[in-house]
Amino acid sequence: MSQEDIDAFAVDLSSARSPLTVKTYCAGVARFLNFLQANGWTVETAPTNVLSLWVGSFAATLQPQSVPKYVGAVKQDFAWFGRRGIVLPAYAPPLMPRIREKERTVIEGDAWNTYTQLCQQKPEPYRTCCLFLSASGFRGSEACSLRAPDLEVVKVEGRAFTFAHVRGAYHPDDRNQKSQADRRVPILPAAQTLLASYLKH
């Protein structure tokens, strides 16, 4: 596995992932390859528990929530090779750091019923916008600036997916600078009808 392979992986990945995700995944694969090289291994000669050894070498320097992103990058890379007929070793699943569960942010039960009732009382386009936000991964500011030309349909392995190209904007309280990064937001089927109605207003 070479830098050329990582570049080809990035090009393929960019058709369905945001630039920030592509950058993170490529960084994860590069980190894994550097770990192999530092220990005198190749992808083929590494021990079966190499993923656990690799995670243990850097997990203490990252937030526990960040570790799965790097592990997922390597798994995605291996799957990418597999789809091209290149069989790579089957490593044992890594031992992952424990992640403290956060309070769920989804709306359920009576709270969801109350939310939808309040949405129905709003005039358009606020009613549709509020309903759309609850069925998508958009931030409020992103939904307000969304336009029809920002939508695109991407075919991945024969299936069509609708994405919205969201352009980042600077926010002084965004420590991780996530709001400044352009990204593709998937539009789930449940939200597509709401989105079409919202864009008419």
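The residue numbers shown here count from 1 along each chain, following its written sequence. Local features in this predicted model are restricted to residues of pLDDT 70 or higher, and side-chain atom pairs are both shown and tallied only at a pLDDT of 80 or more, whereas totals for entire chains, interfaces and linings draw on every residue. Calculated side-chain values reflect all of the structure's heavy atoms, with hydrogen atoms and water omitted.

Would you mind showing me how to read the pairing of strand β1 (residues 151-156) here?
It is a general feature of regular strands that their side chains alternate between the two faces of the sheet. In this sheet, strand β2 (residues 159-166) lies alongside β1 in antiparallel orientation, the contact comprising six bridges. Each bridged residue has a counterpart across the sheet, and for K155 the counterpart in β2 is A160. Here β1 hands over to β2 after two residues, with E157 in that stretch at a positive phi of 50 degrees. Strand pairing is defined by DSSP finding a minimum of two bridges between the two strands. Numbering goes from the N terminus for both helices and strands, where a helix is a DSSP run of H or I of at least four residues and a strand is a run of E of at least two.

Please clarify how the nonpolar core should be interpreted in this entry.
Where a protein is soluble and globular, its nonpolar side chains tend to be buried together. Put simply, a nonpolar core is a bunch of buried Ala, Val, Leu, Ile, Met, Phe, Trp, Tyr and Cys residues held in one set by side-chain atoms that sit within 4.5 Å of each other. Here's how the labels work: a residue is buried when its accessible area is under 20% of the maximum for its type, exposed when over 50%, partly exposed in between, all with a 1.4 Å probe on protein chains only. Counting 30 residues, the largest nonpolar core has F32, W54 and Y91 as the members making the most contacts within it. Of all elements in the fold, only α1 (3-13), α2 (19-38), α3 (50-58) and α4 (67-83) reach the threshold of two or more residues within this core. If you look at the next biggest cluster of nonpolar residues, it comprises 12 residues, including F132, A164, A191 and L195.

What am I meant to see in unusual backbone geometry here?
Keep in mind that most residues, glycine aside, have a negative phi and that most peptide bonds are trans. Between E124 and P125 the backbone carries a cis peptide bond, its omega angle lying at 5 degrees. Relative to the assigned elements, P125 resides in the loop between α5 (109-120) and α6 (126-134).

Quick question: what am I supposed to make of the sheet that holds β1 here?
Sheet strands pair via backbone hydrogen bonds, and the direction of the pair is either parallel or antiparallel. The strand order β1-β2-β3 describes an open sheet built from three strands, whose pairing is antiparallel. The sheet is open, and its two edges are formed by β1 and β3 (183-186), each paired on a single side. The average angle at which neighbouring strand axes cross in this sheet is 45 degrees, direction not considered. The angle between two axes is taken between their N-to-C directions and runs from 0 to 180 degrees, where each axis is a line fitted to C-alpha atoms and a helix contributes only its stretch in contact.

What is the right way to look at the environment of S197 in this model?
With respect to the element layout, S197 can be found in helix α8 (residues 189-199). The sequence separation of S197 and F132 amounts to 65 residues, and the corresponding C-alpha distance is 9.6 Å.

Is there a simple way to explain α4 in this structure?
For an α-helix, 3.6 residues make a turn, and residues three or four places apart therefore share a direction. By definition here, a helix of n residues has an expected span of 1.5 Å times n minus one. Taking 1.5 Å of rise per residue, the 17 residues of α4 would be expected to cover 24 Å, and the 25 Å separating its terminal C-alpha atoms lies within 8% of that figure. Those residues of α4 lying buried are V67, Y70, V71, G72, A73, V74, D77, F78, W80 and F81. Among the residues trailing α4, G85 stands out with phi positive, at a value near 80 degrees.

For this particular structure, what's the right way to read the packing of α2 against α3?
A pair of packed helices can be characterised by two numbers: the angle between their axes and the separation between those axes. At a closest axis distance of 11 Å, the pairing of α2 and α3 adopts a crossing angle of 105 degrees. In terms of their interaxial angle, α2 and α3 are classed as roughly perpendicular. Facing α2, whose interface residues are G28, R31, F32, F35 and L36, α3 presents V50, L51, L53, W54, S57 and F58. Put simply, Ala, Val, Leu, Ile, Met, Phe, Trp, Tyr, Cys and Pro go in the nonpolar bin, Asp, Glu, Lys and Arg in the charged bin, and everything else, Gly too, in the polar bin. Residue composition of the contact of α2 with α3, grouped by class: eight nonpolar, two polar and one charged. Under this scheme an angle from 65 to 115 degrees is roughly perpendicular, one under 35 degrees roughly parallel, and one over 145 degrees roughly antiparallel; angles in between are oblique. The contact criterion used throughout is that any non-hydrogen atoms of two residues lie within 4.5 Å.

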